[in-house]
Structure formats: structure tokens, C-alpha cells
Amino acid sequence: MQSVKNSKRITINDIAKLAGVSKSTASLVLNGRSKEYRVSDETRDRIIALANEHNYQPSFHARSLRSTRSHTLGLVVPEMTNHGFALISRELEMLCREAGLQLLIACTDENPSQEMMAVNSLVQRQVDGLIVASSQLNDSEYQKINTRLPVIQMDRLIGESDLPLVITDSITSTATLVEKVAQQHQDEFYFLGGQPRISPTRDRLSGFQQGLQRAGVECRPEWILNGNYLPSSGYEMIAQLCAQLGRPPKAVFTAACGLLEGVLRYLNQYQLMDSDIHLCSFDDHYLFDCLPLKIDTIAQDCQGLARHSFEMVTALIAEQPLEQQRLILPGQIHWRHPDSKA
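What you are looking at is a predicted structure, and each value in this text was computed from that prediction instead of being measured.

Thresholds, definitions, all that
- Residues numbered from 1 in each chain as written.
- Predicted model: local features only at pLDDT ≥ 70, side-chain atom pairs only at ≥ 80, totals over all residues.
- Heavy atoms only, no water.
- Salt bridge = Lys/Arg side-chain N within 4 Å of Asp/Glu carboxyl O.
- Helix = DSSP H or I, 4+ residues; strand = E, 2+ residues; numbered from the N terminus.
- Buried < 20%, exposed > 50% of the residue type's maximum accessible area, 1.4 Å probe, protein only.
- Core = buried A, V, L, I, M, F, W, Y, C linked by side-chain atoms within 4.5 Å.
- Phe/Tyr/Trp six-rings, centres within 6.5 Å; stacked < 30°, edge-to-face > 60°.
- Lys NZ or Arg CZ within 6 Å of the ring centre and 35° of its normal.
- Pairing = 2+ DSSP bridges.
- Axes fitted to C-alpha atoms, helices over the stretch in contact; angles between N-to-C directions.
- Contact = heavy atoms within 4.5 Å.

Asker: Go over the pattern of salt bridges with me, naming the residues and quoting the values.
Answerer: Counted by the stated rule, this structure contains 13 salt bridges. Among the ionic pairs, Glu93 bridges to Arg97, the shortest N-O distance being 2.4 Å. In this pair, Glu93 and Arg97 both sit in helix H5 (residues 83–98), four residues apart, roughly one turn of the helix. The partner of Arg156 in a salt bridge is Glu110, with the nearest N and O atoms 2.6 Å apart. Taken together, the positions of Arg156 in the loop between strand E4 (151–154) and strand E5 (165–169) and Glu110 in the loop between strand E2 (102–107) and helix H6 (112–124) put the pair 46 residues apart, joining distant regions of the chain. For Arg156, a relative accessible area of 3% translates into the label buried. Among the charged side chains, a network of salt bridges with common partners joins Asp41, Arg44 and Asp45.

Asker: For the nonpolar core, give the residues involved together with the corresponding values.
Answerer: In terms of nonpolar packing, the biggest core is built from 43 residues, with Phe189, Phe208, Leu212, Phe253, Leu264, Leu267 and Leu279 touching the most fellow members. Of all the elements in the fold, those that place two or more residues in this core are helix H8 (170–184), strand E6 (190–193), helix H9 (199–214), helix H10 (231–245), strand E8 (251–254), helix H11 (257–269) and strand E9 (278–282). Counting 25 residues, the second-largest nonpolar core is a separate cluster that includes Leu73, Leu103, Ile131 and Ile152.

Asker: Can you tell me about the packing of aromatic side chains, naming the residues and giving the values?
Answerer: Counted by the stated rule, this structure contains six aromatic pairs. Ring centres of Phe189 and Phe208 lie 5.1 Å apart, and the angle between their planes is 75°; on these two criteria the pair is classed as edge-to-face. Residue Phe189 is found in the loop between H8 and E6, and its partner Phe208 is found in helix H9; the two are separated by 19 residues along the sequence. In this pair, the class of Phe189 matches that of Phe208, namely buried. For the ring pair Tyr266 and Tyr270, a centre distance of 4.7 Å and an interplane angle of 40° mean the geometry is tilted. With a relative accessible area of 10%, Tyr266 lands in the buried category. Joined through ring pairs, the aromatic side chains of Phe189, Phe191, Phe208 and Phe253 make up one cluster. The side chain of Lys180 reaches across the aromatic face of Trp335, ending 5.0 Å from its centre.

Asker: Report on the sheet that holds strand E7 (residues 224–226), specifying residues and quantitative values.
Answerer: Read from one edge to the other, the open sheet built from six strands follows the order E7-E6-E8-E9-E10-E12, with strand pairing classed as mixed. Both outer strands of the open sheet, E7 and strand E12 (332–334), are each paired with one neighbouring strand and no more. The average undirected angle you get between the axes of adjacent strands in this sheet is 15°. Of the strand pairs in this sheet, E9 and strand E10 (residues 296–299) are connected by three bridges, and their pairing is parallel. Looking across to E10, one finds that Ser281 is bridged to Thr297. Along the sheet, H10 contacts E6, E7 and E8; its crossing angle with E6, the most-contacted strand, is approximately 150°. H11 contacts E6, E8 and E9 of the sheet and is inclined by roughly 155° relative to E9.

If you want it as C-alpha cells, here you go:
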């Protein structure tokens, strides 16, 4: 039997020669199509054993040329340190791996110009489809891309886009949470949000206002503060409130986990974790169960967001019709504060 030098990358031609079969037969076996083309079990086992013995890895580029696909998906998110996006990215990577695909991730830092540079880079790398949590105000660029490859909106709606969408119903869950908390704090309840131009801020503010209305509380303009979704923004907004009031506010809703992180940093830094503030937030983290300060939160179905986005984009790549163009998943409220449980 011929030996193959360890320093040389073994090819499918090498496997075929070692097995004494044609290249096409070796290719059929290594692509899982031996039964379809009636390759004998003995031949199949010999080829697979040789491939394992020599650590054979198929050529990604050759595979792409044969199929006209790159077998890669692109994921565009604003920030990888965000707990929700980290969970979604991890779940998507696992789904891609199980399907024999590669996931390429680009972060935009909530910068629309940087986002399009990242997207264009992914398109140049010939990804087969895109899943995007966009910071854009309209979908004109994505509509152009969608003529060449599928684009799925995930977590965020771009303007009034009709591109396929998987998103959390943040309005309903936020309204339900805020209504109950507002019944305890009718005279003071602040909203700390991100950029007003993007859909998560608009939807969560809408839910906040609806919750106040249901509780019979008028939303005062000074209760609404907006910054961005970085922890530093949450820190600055709570610091501003504490300075204005001379004490921590009675009730605060943060529109995302990053903002809540900044609020907690400030409260911890100034020994205010045992204050009477009633904190609640969109987004959840398992560590919130361990804090002495009990925080009511809304958890997104990150696994569902990832799975449905993956199913949509792979169906469109395979040129299959979608059962649903827009999928809205419910949020789950975690009641932790003693007043909320009462």
C-alpha cells in the first residue's frame, strides 16, 4: 500500500488511489451517497477507514466550486458582548456545524456605515445567506442584496421592511411587566432606552407606555431617557437621575441587559444595592437569580430566534417557500421582586 507523506495535505485523489477505486467512487462515499449509487459496503468501509486513518478533510473551496455554494452563512450583530446576541450566535454556530455549514460573524457597534462595510465583506466572501440584526433606518441596501442571496431580519425590524423577520414580541411582555410594577410606583417610574431610531427601543417604549396606561398612570416626558445600549450609557443615565433626585429613583425599567449592567455598576459603586429602587428590565441573565437586589426581567427566546432564523435562511437557500414570512416569538417574564410576586 502506498504511503502518503505527513507533510502533504491528503486529497480525495490520494484516498482513491490508496483504496484502489476511482475518484468519483471515493467522492460518493465521503459525501454520504454510497447507498444511493450502490457502492458495496466493503468498498465504503475501506474508503472511510483510509480517510480516518489519514485525517482526510474535504477541500472547502472545491466543494464550493462544484455546488456553486460556499456553504457559509453570515450573521451581522451590533455587539458580541451582549448576552442575548452571544447566546444567539452560539446557537446558530451549533446549528450550522450540525448542517455542515460555516458561520461567519460580523459586529457593527451599532454603526450603520460600519454595518454595510461588514455586510459587503460577507457578500464578497460569497456567503449563501445573511441573518442581520441591523442598525439601518431603511432596507434599501438589503433589498439589493436580497436579489442575489436571502436576507433574514432577526431581533430587529428595519423600518417597514418586508424581508423575512424573526423577532420577539417585546411590546406585549413589556406592557404586562410595567403594568404590575406601575401599580406599586404610580408617582415615579423611569424608562432607560437605547437609540430611539431602532425598533427595539421603539417597541419597548411603546410597551412601557401601554403598561403605564393600563395601570392608570400618566407617562411624564421626564421619565423617558434614551442613550445607547452600552453599559456606559446605563451608568450615565442612572447617575444623572440620582444627581437630579438626590436619591435613587423609585422604579426603573431598562430596555436591555447592557443598560441594566451599567445601572448595577453605579448602584454597586455607590453602595446603593440595598436601596428601595424597583428595577426591571428587558433581557434576562441567569446571574440575576444570584443578586441581592431582586430584578424583574423579560427573557427572549434566544434559542428560538436562532433556530427559526436558521430554518428560514436555509429554506430560502434551497429555494423552498417559507411557511411564514414574519415570526413573532413571545417573551417570558421572570418575577423576582417581592412586590411583584405579591
